Amino acid sequence: MKNLLKLTTVFLFLITYTSCDKDTTNDTTSAQLTSDDAVINAKIDLANDDIAVIADQLFDNINATTLNYRSINNNATIFSNCATITRVPAFGTVLTPGTQVTKTVDFGTTDCTLNNGNVVRGKIIITFVFQPNATSHTVTYTFDNFYHNNIRFAGTKTFTRSMTTQTATAAPHPIVVMELDMTITMPNGDVYTRVGSRTRELVEGFSTDTFLDNIYRITGSWTTTNQNGNQHTATITEPLMAKMSCIAVNKPILAKGIITFVRNNVTSTLNYGNGECDNLAVFTINGVSFTIIIGN
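Residues numbered from 1 in each chain as written. Predicted model: local features only at pLDDT ≥ 70, side-chain atom pairs only at ≥ 80, totals over all residues. Heavy atoms only, no water.

Of the pairings in the sheet, the one linking strand S2 (residues 100-106) to strand S4 (residues 119-129) comprises 7 bridges and is antiparallel in character. Each residue of the ladder has a partner; that of Gln100, found in S4, is Val129. For strand S3 (residues 112-113) and S4, the ladder comprises 2 bridges, and the chain directions are antiparallel. The residue bridging Thr113 from the neighbouring strand is Val119, located in S4. Counting the residues that bridge the hairpin from S3 to S4 gives 5 residues, and of these Gly117 lies at a positive phi of roughly 95°. (Pairing = 2+ DSSP bridges. Helix = DSSP H or I, 4+ residues; strand = E, 2+ residues; numbered from the N terminus.)

What follows concerns the nonpolar core. Formed by 63 residues in total, the largest nonpolar core has its most connected members in Phe107, Phe153, Leu270 and Tyr272. Among the elements that line this core, the one with the most residues is helix H2 (residues 35-60), at 12 residues. Excluding its chain neighbours within four sequence positions, the residues that come into contact with Phe153 are Ile44, Ala47, Asn48, Ile51, Phe143, Phe146, His148, Met182, Thr183 and Ile184. (Core = buried A, V, L, I, M, F, W, Y, C linked by side-chain atoms within 4.5 Å. Buried < 20%, exposed > 50% of the residue type's maximum accessible area, 1.4 Å probe, protein only. Contact = heavy atoms within 4.5 Å.)

A word on H2. Here H2 is 26 residues long and its end C-alpha atoms lie 37 Å apart, about the 38 Å a rise of 1.5 Å per residue gives. Where burial is concerned, most of H2 is hidden: 21 out of the 26 residues are buried. (Expected span 1.5 Å × (residues − 1).)

For the structure on display, the rule yields 7 salt bridges. Residue Asp37 pairs with Arg263 through a salt bridge whose shortest N-O separation is 3.8 Å. Taken together, the residues span a long stretch of sequence, with Asp37 in helix H2 and Arg263 in strand S12 (residues 254-263) at a distance of 226 residues. For the residue pair Asp37 and Arg263, the accessibility class agrees, reading buried in each case. A salt bridge links Arg198 to Asp45; the shortest N-O distance between them is 3.7 Å. Separated by 153 residues along the polypeptide, Arg198 in strand S9 (residues 191-204) and Asp45 in helix H2 bring together distant segments of the chain. Salt bridges sharing common partners tie together Asp45, Asp49, Arg194, Arg198 and Arg200. (Salt bridge = Lys/Arg side-chain N within 4 Å of Asp/Glu carboxyl O.)

Overall, the predicted model of the protein chain reaches an average pLDDT of 82, with 81% of residues at or above 70. In the predicted structure, residues 67-73 sits below a pLDDT of 50 and forms 20 contacts with residues beyond four places in sequence or in another chain. (pLDDT = per-residue confidence, 0-100.)

All right, on to the packing of aromatic side chains then. A complete count under the given rule lists 7 aromatic pairs for this structure. Ring centres of Tyr141 and Phe143 lie 5.9 Å apart, and the angle between their planes is 80°; on these two criteria the pair is classed as edge-to-face. The burial state of Tyr141 is the same as that of Phe143; both residues are buried. Between the NZ or CZ atom of Arg121 and the centre of the ring of Tyr147, over which it lies, the distance is 4.0 Å. When the ring centre of Tyr216 is taken as origin, the NZ or CZ atom of Arg200, which lies over that ring, is 4.1 Å away. (Phe/Tyr/Trp six-rings, centres within 6.5 Å; stacked < 30°, edge-to-face > 60°. Lys NZ or Arg CZ within 6 Å of the ring centre and 35° of its normal.)

Right under this line is the structure:
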């Protein structure tokens, strides 16, 4: 009987040890980012760039109605012929300084393809005070059932748009600091939150009316949390370069730069390349690199 009791005790110990060891292995796996995590982050970044461009164009073209954007091959905008733009006060109303303005772009309830090939639906709404002589404006942006490549974005936050110079010889050009406070639902139902800021500076193309020659320099940092509570920080350690000319070949506009991730003191990077318009990025962790595909 004593021998049976001893065997039973050993058996229970082994079960408990194995279970604990398995849990430890799972914890180790979730302690660092994976290439799948990098793909998800790249998809969210892609959407953030489109959202920034859409919101900025809604603000910058304050008197632009739907008809101004009704061209699939329009080189002056990201919008396509399925976008409807409305404004309060209504278009045609003379705006006076101090007037609160609300502009809405409605992409409809079915898929609408932007000029860069990404697919959206729902609405983005911006609100600001009309101050034509101000060099800096604070703009509230919000989402109404908005999807980007079937990823749902929700939340309300602000961005600050300034006309400024970075050097003594540079002409004034727009710099947009976008506050990120988003809830993101992936097509499979996984939910992420992202909080932080992203600065987008137009460094080339501001002097022309052609949208496709614009090049943006992007910096910033943010924290992303997934549905399991796993959290990581992301910092742009080499400024990202967004080239609007990549739209002409329906490629993601992020063509250069490095984002560094940290989760539980484990560091990884995502390298967008050397400036070529392609849909590839290289994710590196623990000295091992993976090529991932970004885009819709």
